[in-house]
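A structural walkthrough
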Amino acid sequence: MSTATLELQGLNFNLSEEHLAVQEAARDFAQNELLPGIVERDNEARFPTEQVKRMGELGFLGMMVSPDYGGGGMDTVSYVLAMEEISKVDASCSVIMSVNNSLVCWGLEAYGSEAQKQKYLTKLASGEMIGAFCLSEPEAGSDATSQQTTAEDKGDYYLLNGTKNWITNGNSSGVALVIAQTDREKKHRGINCLIVEKGLTGFTVGKKEDKMGIRASDTHSLLFTDVQVPKENRIGEDGFGFKFAMSTLNGGRIGIAAQALGIAAGAYELSLKYAQERKAFGKQIFDHQAIQFKLAEMATRIEAARLLVYKAARLKDEHKDYVQAAAMAKLYASDVAMWATTEAVQIHGGYGYVKEFHVERLMRDAKITQIYEGTSEIQKLVIARELIR
Ligand code: CAA
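Labelled according to an unreviewed UniProt entry, the chain appears under the name Cyclohex-1-ene-1-carbonyl-CoA dehydrogenase, originating from Fibrisoma montanum. In its Sequence similarities (unreviewed entry) section, UniProt records this for the chain: "Belongs to the acyl-CoA dehydrogenase family."

Next up, the structure:
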């Protein structure tokens, strides 16, 4: 492997000219527009307003949405290629992108009504506004069916009450997809997903989380007190909300797997470059076998993660079952991200422990990929269930 960029070399993965163009555009954008100021945004936990605006202008916020609704009409492979490149540099921006693309836009396009798509999807796909996906609650993370938020059926509207936790884009979003229990007796089949606009009376943004990583993305609790949500804002049939959430998360996990892959690849590329610049004991540290072994293993595991991520994306594009493939990709890529970034810090030594060399941020950013959109333990559950299905 002669260059710093790993590309599934030697394998015909049928990446088209368009795929390669998307990859290059995302790489250029990340290097030229995301890298400057990234340490400061991370330090200050400052939302990347300008960068998100640019992601919208460049078409990164509604990549898979049909052009009929203002999207890029691209496939999932294009999306993971872009996610990977952007995540190599800025995982805060890539989670904002991932939630908007896979959880909000994809869910709305797949299951929303025509009126909902016209009203919301067009704005979300262009980046005119961004969306949030609200499933987690103080007492319902992995155990997602235990929803305490209620959406009481009042005829023309639902009366929404409850609290959602750890919501990506919590403050910056214009609209939130909120999962809530309507009929408790029906358990998960009595759950609905409502499109809830910011500005509705009783909808407030709560505490901002002070996070270990992805610090520039805004993660908040959202509070709903007697919020009246019009009936036409329910996605799908009555009781479809949990299926909506699960189905949307299946695809979301491909996005997070691509994010983890990008974080790992970013750390690897920085380490390879550093190993060829830094000298110790009279030679480049790359010439020490201890460092060569680390880089060789990083390259190998990253390539394996890449194959799983591309496979899951390809299956989704071919309308084949991708539930297990997505879970495997996320499980493996997130572990590779955590491991590879830790190795990257080690290769950089003392420099790795300070912020300007970037790898410590990548290490902090990597951890969340083992947690959100289903923890690694949940991915194992999903994979195991599929083994005997
Ligand atoms: N795809 C489609 N449908 C699914 C599904 C999947 N992967 N998993 C479950 N379902 C369906 C089942 O078929 C079942 O439907 P029916 O009864 O109609 O057949 C229904 O959902 C309930 O399934 P289970 O009985 O299996 O439910 P469970 O309570 O035993 O467990 C779970 C389900 C897999 C553990 C699920 O709760 C889960 O995935 N939990 C993790 C939640 C999660 O990923 N949260 C992330 C929050 S979002 C986030 O992080 C976004 C962000 O901001 C970055």
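Comments concerning helix H7 (residues 241-277)
For H7, with 37 residues, the first-to-last C-alpha span of 53 Å sits near the 54 Å given by 1.5 Å per residue. Asn250 marks where H7 bends most, by close to 30°. Counting buried residues along H7, 31 of its 37 residues qualify, which places the element largely inside the surrounding structure.

Description of the environment of Lys186
Tracing the backbone through its elements, the reader meets Lys186 in the loop between strand S4 (175-181) and strand S5 (191-197). The class of Lys186 is partly exposed, set by a relative accessible area of 47%. It is 8.4 Å that separates the C-alpha atoms of Lys186 and Gly239, two residues lying 53 residues apart in sequence.

A few points about the site of the ligand
Of all residues adjacent to the ligand, which total 25 residues, the nearest are Ser142, Thr168, His188, Arg253 and Arg385. Separating a nitrogen atom of the ligand from a side-chain N or O atom of Asn250 is a distance of 2.9 Å. Surface burial for the ligand is 77%, taken as the share of its 1,100 Å² of free accessible area covered by protein chains. Of all the secondary-structure elements, those providing two or more residues to the shell around the ligand are helix H5 (91-111), H7 and helix H11 (376-387). Its residues assigned to classes, the shell around the ligand comprises 12 nonpolar, eight polar and five charged. Shared between two domains, the shell around the ligand takes at least three residues from each, and those domains are domain 2 (132-242) and domain 3 (249-388).

Digging into the nonpolar core
Ranked by size, the top nonpolar core spans 96 residues in total, and within it Phe60, Met97, Phe133 and Val309 carry the most contacts. Sorting elements by how many residues they give to this core places H7 first, with 18 residues. Not counting the four nearest positions on each side in its chain, Met97 is found in contact with Met55, Phe60, Leu61, Met63, Tyr79, Ala82, Met83 and Ile86. If you look at the next biggest cluster of nonpolar residues, it comprises 16 residues, including Ala151, Val178, Ala180 and Val227.

A look at the domain arrangement of the chain
For the chain, the domain assignment lists domain 1 (3-130), domain 2 (132-242) and domain 3 (249-388). The centre of domain 2, based on its C-alpha atoms, is set 31 Å off from the matching centre of domain 3. At the junction of the two partners, domain 2 supplies seven residues and domain 3 supplies nine residues. Of the roughly 620 Å² buried between domain 2 and domain 3 on both sides combined, carbon and sulfur atoms contribute 69%. The largest share of the area that domain 2 buries against domain 3 comes from Ser142, Met212 and Ile214, three residues that together contribute 70% of it. At the junction of domain 2 with domain 3, the criterion picks out zero salt bridges. The interface formed by domain 2 and domain 3 includes two residue pairs in polar contact (both at pLDDT 80 or more). Of the residues belonging to the side of domain 2 that touches domain 3, the class tally is four nonpolar, two polar and one charged.

Considering the pattern of salt bridges
Under the criterion given, the structure shown has 25 salt bridges. In this structure, the salt-bridge partner of Lys154 is Glu152, at a minimum N-O distance of 3.2 Å. Arg389 is the partner of Glu386 in a salt bridge, and the nearest nitrogen-oxygen pair spans 2.9 Å. By relative accessible area, which is 68% here, Arg389 ends up exposed.

Looking at the environment of Val89
Considering the arrangement of structural elements, one finds Val89 in helix H4 (residues 76-89). The class for Val89 is buried, based on a relative accessible area of 5%. C-alpha of Val89 to C-alpha of Thr201: the two residues are 112 residues apart in sequence and 38 Å apart in space. Setting aside residues no more than four positions away along its own chain, Val89 makes contact with Ala30, Gln31, Leu34, Leu35, Ile38 and Arg361.

The rules we used
In every chain, residue numbers begin from 1 and rise along the written sequence. At least 70 in pLDDT is required for a residue's local features to be given in this predicted model, at least 80 for side-chain atom pairs to be given and counted, and no such filter applies to totals for whole chains, interfaces and linings, which use all residues. Calculation of side-chain values draws on the structure's entire complement of heavy atoms; hydrogens and water are dropped beforehand. UniProt positions are given in the numbering used here, feature names are shortened, and annotations may be inferred rather than shown by experiment. Here a strand is any run of E in DSSP of at least two residues, a helix any run of H or I of at least four, and the numbering for each starts at the N terminus. The span one expects for a helix is its residue count, reduced by one, times 1.5 Å. The reported bend at a residue is simply the angle between two axes, fitted to the 7 residues ending at it and to the 7 residues beginning with it. For the exposure calls, accessible area comes from a 1.4 Å probe over protein chains only, and a residue counts as buried if that area is under 20% of its type's maximum, exposed if over 50%, partly exposed in between. If even one non-hydrogen atom of a residue comes within 4 Å of a molecule or strand, that residue is called near it. Definition of a polar contact: a pair of N or O atoms within 3.5 Å, with one able to donate and the other able to accept a hydrogen when the atoms are protein atoms, and with sequence-neighbouring residues admitted only if both atoms are side-chain atoms. All accessible areas in this document rest on Shrake-Rupley with a 1.4 Å probe, and a residue is counted as covered only by the protein chains that are shown. The residue classification treats Ala, Val, Leu, Ile, Met, Phe, Trp, Tyr, Cys and Pro as nonpolar and Asp, Glu, Lys and Arg as charged. All others, Gly included, are polar. Where a domain begins and ends is set by an automatic assignment or by a domain database. Buried Ala, Val, Leu, Ile, Met, Phe, Trp, Tyr and Cys residues that are joined via side-chain atoms within 4.5 Å together make up what is termed a nonpolar core. Should any heavy atoms of two residues lie within 4.5 Å, those residues are counted as being in contact. Throughout, buried area stands for the accessible area (probe radius 1.4 Å) lost by two parts on being put together, summed over both. Any carboxyl oxygen of Asp or Glu that lies within 4 Å of a side-chain nitrogen of Lys or Arg is treated as forming a salt bridge with it.

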